[in-house]
Amino acid sequence: MAVTRTFSIIKPDATRRNLTGAVTKMLEEAGLRVAASKRIHMTREQAEGFYDVHRERPFFGELVEFMISGPVVVQVLEGEDAVKRNRDVMGATNPADADEGTIRKTYAESIEANSVHGSDSDENAAKEIAFFFNDDEIVG
Ligand code: GDP
């Protein structure tokens, strides 16, 4: 199977609890490699732009506030079938529905403060990577 890329965010609830390493360990143990990583504090404009597809959802405002409530770690992950591999280890959006052994089951606080973001398709992965990284920042 081909090695592909996906985009990940370790969200503010996880960075606040000093779980950057613990979450990254679960990603690595799932067969993903961190090809690029940086800790940033998103601006409101960045968060609104990133979650533009959710603009009409009732929780959009709360989601943006949450995502700018503290630093996040944005990452490019590489691995075989990286999008699916990452979604599998992330677990369901709502931690109450997430399988045992997933990041969200292990660490998420709520459906909103659910510790990680992961792209849902190769097409969105490419867009999301380009939203936060220049090519020369992705070193493999
Ligand atoms: P994901 O792909 O599993 O992250 O889920 P979605 O794309 O559906 O939602 C994006 C993000 O919005 C989720 O990861 C949550 O942080 C947040 N979210 C989703 N559903 C809800 C909700 O019902 N209420 C709130 N407050 N936030 C939500």
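Only a predicted model underlies this, so the values are computations on that prediction, with no experimental measurement involved. (Residues numbered from 1 in each chain as written. Predicted model: local features only at pLDDT ≥ 70, side-chain atom pairs only at ≥ 80, totals over all residues. Heavy atoms only, no water.)

Our focus in this paragraph is the site of the ligand. For the ligand, the full set of nearby residues is Lys11, His54, Arg57, Phe59, Glu62, Leu63, Arg87, Thr93, Arg104, Ile111, Glu112 and Asn114. The side chain of Lys11 places a nitrogen or oxygen atom 2.9 Å from an oxygen atom of the ligand. Within the contact set of the ligand, an oxygen atom lies 2.9 Å away from a side-chain nitrogen or oxygen of Asn114. The protein chains hide 80% of the 550 Å² of surface that the ligand would expose on its own. Its residues placed into classes, the shell around the ligand shows 3 nonpolar, 3 polar and 6 charged. (Near = heavy atom within 4 Å. Polar contact = N/O pair within 3.5 Å; in protein donor to acceptor, adjacent residues only side chain to side chain. Areas by Shrake-Rupley, 256 points an atom, 1.4 Å probe, with all protein chains shown as cover. Nonpolar A, V, L, I, M, F, W, Y, C, P; charged D, E, K, R; others polar.)

On to the UniProt feature "domain: Nucleoside diphosphate kinase-like" (unreviewed entry) in the protein, then. Here the UniProt feature "domain: Nucleoside diphosphate kinase-like" (unreviewed entry) sits at residues 3-140. In this annotation, residues 3-140 is assigned 40% helix and 20% strand; the end-to-end C-alpha distance for the span is 12 Å. (UniProt positions renumbered as here; feature names shortened; annotations may be inferred. Helix = DSSP H or I, 4+ residues; strand = E, 2+ residues; numbered from the N terminus.)

Further remarks concern the sheet that holds strand β1 (residues 3-10). Strand pairing in a sheet takes place through backbone hydrogen bonds and is either antiparallel or parallel in direction. Taken together, 4 strands build an open sheet; the order of strands is β2-β3-β1-β4 and the sheet is antiparallel. Only two strands of the sheet have a single partner each, and these edge strands are β2 (33-40) and β4 (116-118). Across this sheet, the average inter-strand angle for adjacent strands is 20°, counted without regard to direction. Across 3 bridges, the pairing between β1 and β4 is antiparallel. (Pairing = 2+ DSSP bridges. Axes fitted to C-alpha atoms, helices over the stretch in contact; angles between N-to-C directions.)

Turning our attention to the side chain of Ser8. Mapped onto the elements, Ser8 comes out in strand β1. Residue contacts for Ser8: discarding those within four places in its chain leaves Leu27, Val73, Val74, Gln75, Leu77, Asn86 and His117. (Contact = heavy atoms within 4.5 Å.)

Attention now moves to the layout of surface pockets. Its boundaries defined by the atoms lining it, the largest pocket holds a volume of some 660 Å³. Listing elements by their share of the lining of the largest pocket, those giving two or more residues are α3 (44-50), α4 (60-67), β4 and α7 (122-132). Looking at the lining of the largest pocket element by element, the count peaks at 4 residues for α7. (1 Å grid on protein atoms, 1.4 Å probe; cavity = no way out; pocket = protein on both sides within 12 Å on 5 of 7 lines; lining within 4 Å. Points joined across faces, edges and corners; volume = space filled by probe spheres on them.)

With that settled, the discussion passes to the UniProt feature "active site" (unreviewed entry) in the protein. Following the UniProt record, the feature "active site" (unreviewed entry) maps to His117 here. Secondary-structure assignment places His117 in strand β4. Discounting residues that sit within four places of it in the chain, His117 has contacts with Phe7, Ser8, Ile9, Lys11, Phe50, Tyr51, Asn86, Met90, Arg104 and Glu128.

Relative to strand β3 (residues 72-80), β1 is paired through 8 bridges, and the arrangement is antiparallel. Bridging across to β3, Phe7 finds its partner in Val76.

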